[in-house]
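Architecture at a glance
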Amino acid sequence: MGLLQPELGLLFWTSLAFGVVLFLLCKFGFPVILRSVEERRRFIDSSIDAAHEAEVRLERVTLDSEAIVEKAEAERQQILRAATEERDRIVAEARMKASEEAQRIVVEAREQAEEVREQILRDGRQQVAALAVALSEKLLRGELRDKQSQTQLADRLLDEINTQTTNIEA
Amino acid sequence: MRLWINILLLCALSIACPAWGQESIDYAQSEAVAAVAAEVPEHAEPMAEEQGIDVKTVVLDHIADSYEWHICTVGEHHVTIPLLVIVRSQSGEWHCFSSSHLHAGHEYEGFRIADEGEYAGKIVEQTAEGEVVRPIDLSITKTVAGLFVNCAVLLLIVLGVARRYRNDQPDAKAKGGLAGVLEMVIDSVMEGIIIPCVGPNYRKFAPYLLTAFFFIFVNNLMGLIPIFPAGANVTGNISVTLVLAMATFFAVNVFGTRDYWKEIFWPEVPTWLKVPIPIMPAIEFIGLFTKPFSLMIRLFANILAGHAIILILTCIVFATAKLGAAVNGAMSAVSVVLSIFMNCLELLVAFLQAFVFTMLSAVFIGAAQHSEEHEHETKQIENNINN
């Protein structure tokens, strides 16, 4: 059957044509396209990888910065707390010191007052004594003309002084 | 019995739907399809002859090769392009002349186109003893011319696109237009066929397989375009598919590994299958040739059948011309609808056959690049395609 019988001429020309096409396409056609597509694929793959890496790194940086912020916050809290404590302590100390001082002053004042009072008392006594002496001198001069009256007076005076002293002491 | 039912079924299917038939073809069955494709016009003949159109001649004239390229017939005038005849006569000298000299049975330089006999339609030479012999004939026939045109188209497309890629940097953007389409197809062939079927060695064979794919695809598509300079039945010609199958045969066997050859001459089967009578080696050895043979027949039969069916459907218009306006009009409408359907189907087949040829070539090459664990996979793919 004619259709199933290969023709020499057609075989020859087909071999030639296919050979030439094969040579040209294998040399200048497909490898060029395949290489370019391959390179592009590799580039895209590496770009995607780089993007992933950048994402991971960014995440890490974000985490880091969050950690830093947290740490700073904690530090601030601590500083504030420390400052409050310090302030309280200083205030308390100052208060204590002030009250001590006040007490000291009060005590000192009391002592001084005591001293002053005693001195006044002492002075008063001396003056009273001096006055009494002077007064009694005057009185005595007038009254004490005789010996008897003098003795009477002295006794009386001594009695009076005694009573007086007892009164004061009481 | 079953075989005959199968063949009958295939006959029916190849008339109704050749694409389906193409899926289930192995080489034995595809011979049947080829036979059917050639027989269909014979059945149509008696009816056609009465009505003045010889469908068989029309179809066979198109399918078969010829020395001139017939474009159309206007009234009584045939518009043809004469082609170059190159023959070597018995005396050993080469003759080269235009085929227009041989038109209508004329004899030129001792050569003529035989009307009948063994060499009907071919150039023959009358020797001094009155014997009719066939000279060595390297004429640029219609198929060869169509082949050249298609090759030029293919080269133009692929090299033109490749030029755009030549100075690409890795960070160049993806191409649009034709380059984008071609890249997409190349990528799908690479990812879908070549890498999975050939295996780790795929880089070495990718250019060949891609060339085979695009060569067949472009030739198939050009065959579907009915207007000159396309429309020649190139891949539906057994010589062309024979060359393609031979190319795969060489790619398989020249680069076959030691394991591959061992698998053929000393396969892992019980020893009694190998030693006194080498049954398995013989089967494997025959298998070496049946594989490319099936490639050849599959492509040839599918494309041939496609061309034949579209032509027959078109001939319906003319065959029914004498049956009256109503019948003719109705049948013309049917013819056009069916032709459109068949053309769409043939578009699919054009792609599918290129795909299948490339895939089987890749599988055979992959099997010859063979390592033990690949074998199972390969067989599976092969079975899937054949069923």
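Things to note about the overall build of chain A
When helices and strands are counted, chain A shows two helices and zero strands. Over its C-alpha atoms chain A spans a radius of gyration of 64 Å, topping by over 25% the 15 Å that the globule rule assigns to 170 residues. Dimensions of chain A along its principal axes, counting C-alpha atoms only, are 200 × 25 × 10 Å. Looking at chain A as a whole, 13% of its 170 residues qualify as buried. Of the roughly 13,700 Å² of accessible surface on chain A, 59% is carried by carbon and sulfur atoms. Of the side chains in chain A, 24 bear a positive and 32 a negative charge, and the two mean positions are spaced by 3 Å.

Examining the sheet that holds strand 5 (residues 111-113) of chain B
Residue and element names in this part refer to chain B. Strand order in this open sheet of three strands is 5-6-7, and the pairing throughout is antiparallel. Either end of the sheet is taken by a strand with one partner, and the two such strands are strand 5 and strand 7 (132-133). In terms of strand pairing, strand 5 meets strand 6 (residues 123-126) through three bridges, oriented antiparallel. Paired with phenylalanine 111 across the strands is glutamate 125, a residue of strand 6.

Quick word on the nonpolar core
Core analysis: the largest hydrophobic core is formed by 91 residues, its most contacted members being Ile186, Ile194, Leu210 and Phe214 of chain B. When residues in this core are grouped by element, the largest group, 14 residues, is from helix 7 (residues 202-224) of chain B. Not counting residues up to four positions away in its chain, the partners in contact with phenylalanine 214 of chain B are Phe30 of chain A together with Leu154, Leu182, Val185 and Ile186 of chain B.

Digging into the pattern of salt bridges
Close approach of charged atoms lets side chains of opposite charge pair. For the structure on display, the rule yields 15 salt bridges over all chains. Residue arginine 40 of chain A pairs with glutamate 183 of chain B through a salt bridge whose shortest N-O separation is 2.8 Å. Remark: glutamate 183 of chain B occurs in helix 6 (residues 177-198) and arginine 40 of chain A occurs in helix 1 (residues 8-143); the pair is interchain, linking two chains. Look at arginine 40 of chain A and you get buried, because its relative accessible area is 9%. When its relative accessible area of 13% is taken as the criterion, glutamate 183 of chain B is described as buried. In this structure, aspartate 88 of chain A and arginine 87 of chain A form a salt bridge, with 3.3 Å as the shortest nitrogen-oxygen distance. In the salt-bridge network here, residues are joined through shared partners; they are Glu7 of chain A together with Lys122, Arg134 and Asp137 of chain B.

What about the confidence of the model for chain B?
Counting all residues, the mean pLDDT for chain B is 80, and 82% of those residues have values of 70 or more. Reported confidences for the modelled complex are a pTM of 0.71 and an ipTM of 0.78.

Quick notes on the environment of alanine 154 of chain A
With respect to the secondary-structure elements, alanine 154 of chain A resides in helix 2 (residues 147-169). For alanine 154 of chain A and serine 136 of chain A, which are 18 residues apart along the polypeptide, the C-alpha to C-alpha distance reads 9.9 Å.

Describing the side chain of threonine 248 of chain B
Residue and element names in this part refer to chain B. Among the structural elements, threonine 248 can be located in helix 8 (residues 238-254). Exposure remark for threonine 248: the relative accessible area of 2% places this residue in the buried category. Apart from residues no more than four positions distant in its own chain, threonine 248 is found in contact with Tyr208, Leu295, Phe357 and Ser361.

What about the packing of aromatic side chains?
Residue and element names in this part refer to chain B. With the rule as written, the count across this model stands at 20 aromatic pairs over all chains. Taken together, a centroid distance of 5.6 Å and an interplanar angle of 80 degrees make the contact between phenylalanine 217 and phenylalanine 351 edge-to-face. Placement of phenylalanine 217 in helix 7 and of phenylalanine 351 in helix 11 (residues 325-368) is noted, with a sequence separation of 134 residues between them. Residue classification places phenylalanine 217 among the buried residues on the basis of a relative accessible area of 17%. The class of phenylalanine 351 is partly exposed, set by a relative accessible area of 29%. Linked through ring pairs, Phe249, Phe250, Tyr260, Trp261, Phe265, Phe285 and Phe289 together constitute an aromatic cluster.

Digging into the interface of chain B and chain A
With 59 residues of chain B at the interface, the matching set in chain A holds 36 residues. Of the roughly 3,900 Å² buried between chain B and chain A on both sides combined, carbon and sulfur atoms contribute 78%. In terms of surface lost to chain A, no three residues of chain B exceed Pro170, Thr211 and Val243 of chain B, which account for 13% of the buried area on that side. Scanning the region where chain B abuts chain A turns up six salt bridges. Every element with two or more residues in the side of chain B that touches chain A is listed here: helix 4 (55-63), strand 8 (136-137), helix 5 (142-165), helix 6, helix 7, helix 8 and helix 10 (279-319) of chain B. A class-by-class count of the residues in the side of chain B that touches chain A yields 40 nonpolar, six polar and 13 charged.

Focus: the sheet that holds strand 3 (residues 84-88) of chain B
Residue and element names in this part refer to chain B. In spatial order, the strands read 4-3-8; together these three strands make up an open sheet with antiparallel pairing. Both outer strands of the open sheet, strand 4 (94-98) and strand 8, are each paired with one neighbouring strand and no more. Two strands pair when backbone bridges link them, and strand 3 and strand 4 are joined in this way by five bridges, in the antiparallel orientation. Residue valine 87 lies in a different strand from strand 4, and its bridge partner there is histidine 95.

Thoughts on the pairing of strand 2 (residues 77-82) of chain B
The sheet contact formed by strand 1 (residues 68-74) of chain B and strand 2 of chain B spans six bridges and is antiparallel. Within strand 2 of chain B, the position partnered with cysteine 72 of chain B by the bridge is valine 79 of chain B.

Digging into unusual backbone geometry
Residue and element names in this part refer to chain B. The step from phenylalanine 228 to proline 229 runs through a cis peptide bond, and the omega angle for that step is 5 degrees. Looking at where proline 229 falls in the secondary structure, it is placed in the loop between helix 7 and helix 8. A positive phi angle is found at glutamate 109, which is not glycine, with a value near 50 degrees. With respect to the helices and strands, glutamate 109 occurs in the loop between strand 4 and strand 5.

Quick word on a nonpolar patch on the surface
Residue and element names in this part refer to chain B. Taken together, the side chains of Phe265, Trp266, Val275, Phe285 and Phe289 make up a nonpolar region of the molecular surface, amounting to roughly 500 Å² of accessible area. In this fold, phenylalanine 265 is placed in helix 9 (residues 258-265). Overall, phenylalanine 265 belongs to the partly exposed group, its relative accessible area being 44%.

Topic: the side chain of serine 239 of chain B
Note that serine 239 of chain B resides in helix 8. Among the residues examined, serine 239 of chain B registers a relative accessible area of 1% and is labelled buried. Beyond its immediate sequence surroundings of up to four residues, serine 239 of chain B is in contact with Pro6, Glu7, Leu10 and Leu11 of chain A.

Focus on the environment of phenylalanine 23 of chain A
Residues and elements named next belong to chain A. Of note, phenylalanine 23 is situated in helix 1. Judged by relative accessible area, phenylalanine 23 falls into the partly exposed class, the value being 49%. Residues phenylalanine 23 and glutamate 59 lie 36 residues apart in sequence; the distance between their C-alpha atoms is 53 Å.

Here is what the cut-offs are and how they apply
- Residues numbered from 1 in each chain as written.
- Chains lettered and ligands numbered in written order.
- Predicted model: local features only at pLDDT ≥ 70, side-chain atom pairs only at ≥ 80, totals over all residues.
- Heavy atoms only, no water.
- Helix = DSSP H or I, 4+ residues; strand = E, 2+ residues; numbered from the N terminus.
- Rg over C-alpha atoms; globule rule 2.2 N^0.38 Å.
- Buried < 20%, exposed > 50% of the residue type's maximum accessible area, 1.4 Å probe, protein only.
- Areas by Shrake-Rupley, 256 points an atom, 1.4 Å probe, with all protein chains shown as cover.
- Lys, Arg positive; Asp, Glu negative; His and termini not counted.
- Charge placed at Lys NZ, Arg CZ, Asp CG, Glu CD.
- Pairing = 2+ DSSP bridges.
- Core = buried A, V, L, I, M, F, W, Y, C linked by side-chain atoms within 4.5 Å.
- Contact = heavy atoms within 4.5 Å.
- Salt bridge = Lys/Arg side-chain N within 4 Å of Asp/Glu carboxyl O.
- pLDDT = per-residue confidence, 0-100.
- Phe/Tyr/Trp six-rings, centres within 6.5 Å; stacked < 30°, edge-to-face > 60°.
- Buried area = accessible area lost by both parts, 1.4 Å probe.
- Nonpolar A, V, L, I, M, F, W, Y, C, P; charged D, E, K, R; others polar.
- Patch = residues over 30% accessible without salt bridge, like charges linked within 9 Å, V, L, I, M, F, W, Y side chains within 5 Å.

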